Every structure is written in structure tokens, then in C-alpha cells.
Amino acid sequence: MDRASACRVVRRSIVCLALLVLSACGGGWNGRLQCAPYAREHSQVSLLHGDAASWWWQAKGRYVRSSVPQPGDVLVFRSTRRLPAGHVSVVRKVKNSRWIIVDHANWEPGRVTRNAPVQDVSAANNWTKVKVWWAPIDGMGKTVYPAYGFIQP
């Protein structure tokens, strides 16, 4: 293999590795600490396969899906460029119709975040667009994330 071919192989390998890292829940691969296994272990929703965004469709016919949060529900984020695998969080407390408190894994890469505020910013107050607490800035993140809604245990 000539030098140019070897460089192309290395570049492709780096790109593939970067895509793998970005595809993990929450934006980073951190071994076993991922949002879906965490939500499965800390809620009564037991969907056994697929990435976080697939939970919404897997729940159809097995669990109630809702746009109104209740403690114990799982909030399912849609897949986006930033969250290719989506994300799931466990609702711990409902503050009001626009604010909930969640626990989730790997929102901050490699960490479990407890008591994190999530705000509904959708025009219809149906939890299809949310902002999430981002501990590194000690405040609400600026990004608006699309969400499906809540899976009730």
C-alpha cells in the first residue's frame, strides 16, 4: 500500500470512530453509562433493544404514551444531528405544566445527572420541544431539542 492509500485508510478510520462517538446517547461514548440502560434500570419501562429514539415506537401498544408528564415517566427525545441516537430521561417530579425534574445518564458525557430541570418550550405546551439543564454552565442550555413525549410505566 502506498503512502496516499494509507493516509486515506487512516482518515476513514478516524471519521468512522468520530461517527461512532457522536452516535452514542448524549453525544459521547462512555462504556456502559448510557441513557437507555440507565432509564431501563431506574424506571418501570422495560424496552430491551434499540437506541433511545426508538423507545417511542417500541412503546406503542405496550405502554401508554402521553404529552402530559407524571413522575416515573420516561421522556423520549427525538433523533437529531446533535443526538443521533435520541435520548431518554426519567421524570422524578412535575413542577408545573412547563417544568419537570429528571434524572438521566450521559447528558453530560460519562455522568449521571440527578434533579435536572427540563422546560417545555413548545408553542402548544405538548412537550415536543424542550430545553435541558446543563450543569457545566449552571443553567438551562440554549439548544431546543425535539421530543416525542412521555412513556408511562
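1. Looking at the environment of Phe 77
Part 1: Mapped onto the elements of the fold, Phe 77 is located in strand β2 (residues 74-77).
Part 2: Distance from Phe 77 to Ser 89, taken between C-alpha atoms, is 8.4 Å for residues 12 residues apart in sequence.

2. Here's the deal with helix α2 (residues 35-42)
Part 1: Turning to α2, its buried residues are Cys 35, Ala 36, Tyr 38 and Ala 39. Down the axis of α2, the sector holding all buried residues measures 160°, keeping them to one side.
Part 2: At its buried positions, α2 is contacted by α3 (55-59), β3 (87-96), β4 (99-105) and β5 (112-120).

3. Section: unusual backbone geometry
Part 1: One non-glycine residue, Asn 125, lies in the positive phi region at around 55°.
Part 2: One non-glycine residue, Asp 138, lies in the positive phi region at around 55°.

4. Examining the pairing of strand β8 (residues 145-152)
Part 1: In terms of burial, β8 is largely enclosed, as 7 of its 8 residues are buried.
Part 2: As judged from the 3 bridges shared by strand β1 (residues 64-66) and β8, these two strands associate in the antiparallel manner. What sits directly across from Val 64, in β8, is Gln 152.
Part 3: Note: β2 against β8, 4 bridges, orientation antiparallel. Considered in β8, the bridge of Phe 77 is made with Ala 147.

5. Quick notes on the pattern of salt bridges
Pairs can form between side chains of opposite charge once their charged atoms are near each other.
Part 1: Tallied over the entire structure, the rule returns 3 salt bridges.
Part 2: A salt bridge links Asp 103 to Arg 92, with the nearest nitrogen and oxygen atoms 3.0 Å apart. Taken as a pair, Asp 103 in strand β4 and Arg 92 in strand β3 lie far apart in primary sequence, 11 residues in all.
Part 3: Here Asp 103 falls in the buried class, since its relative accessible area comes to 8%.
Part 4: One salt bridge connects Asp 120 with Arg 98, and the closest N-O pair in it is separated by 3.2 Å. Here the residue Asp 120 occupies a position in strand β5, and Arg 98 occupies one in the loop between β3 and β4, the gap between them amounting to 22 residues.
Part 5: According to the relative accessible area criterion, Asp 120 is buried, its value standing at 2%.

6. Let's talk about the side chain of Gln 58
Part 1: By the secondary structure assignment, Gln 58 is in helix α3.
Part 2: Polar contacts involving the side chain of Gln 58 include one to the side chain of Ser 54, which spans 2.8 Å.

7. Some thoughts on the packing of aromatic side chains
Part 1: Under the definition given, this model contains 6 aromatic pairs.
Part 2: Taking the centre distance of 5.7 Å and the plane angle of 80° together, the rings of Trp 57 and Tyr 148 count as edge-to-face. One end of the pair, Trp 57, is in helix α3; the other, Tyr 148, is in strand β8, with 91 residues separating them in the sequence.
Part 3: For Tyr 148, a relative accessible area of 16% corresponds to the buried category.
Part 4: Taken together, Trp 56, Trp 57 and Tyr 148 form an aromatic cluster joined through their ring pairs.

8. Observations concerning the confidence of the model for the protein chain
Part 1: Averaged over all residues, the pLDDT of the protein chain is 85; the fraction at 70 or higher stands at 78%.
Part 2: Predicted confidence is poor over residues 13-24, with pLDDT under 50, and the contacts of this stretch with residues over four places away or in other chains come to 9 contacts.
Part 3: Scored below 50 in pLDDT, residues 26-30 shows 17 contacts in the model against residues more than four places distant or in partner chains.

Parameters at a glance
Residues numbered from 1 in each chain as written. Predicted model: local features only at pLDDT ≥ 70, side-chain atom pairs only at ≥ 80, totals over all residues. Heavy atoms only, no water. Helix = DSSP H or I, 4+ residues; strand = E, 2+ residues; numbered from the N terminus. Buried < 20%, exposed > 50% of the residue type's maximum accessible area, 1.4 Å probe, protein only. Arc of directions from axis to C-beta. Contact = heavy atoms within 4.5 Å. Pairing = 2+ DSSP bridges. Salt bridge = Lys/Arg side-chain N within 4 Å of Asp/Glu carboxyl O. Polar contact = N/O pair within 3.5 Å; in protein donor to acceptor, adjacent residues only side chain to side chain. Phe/Tyr/Trp six-rings, centres within 6.5 Å; stacked < 30°, edge-to-face > 60°. pLDDT = per-residue confidence, 0-100.

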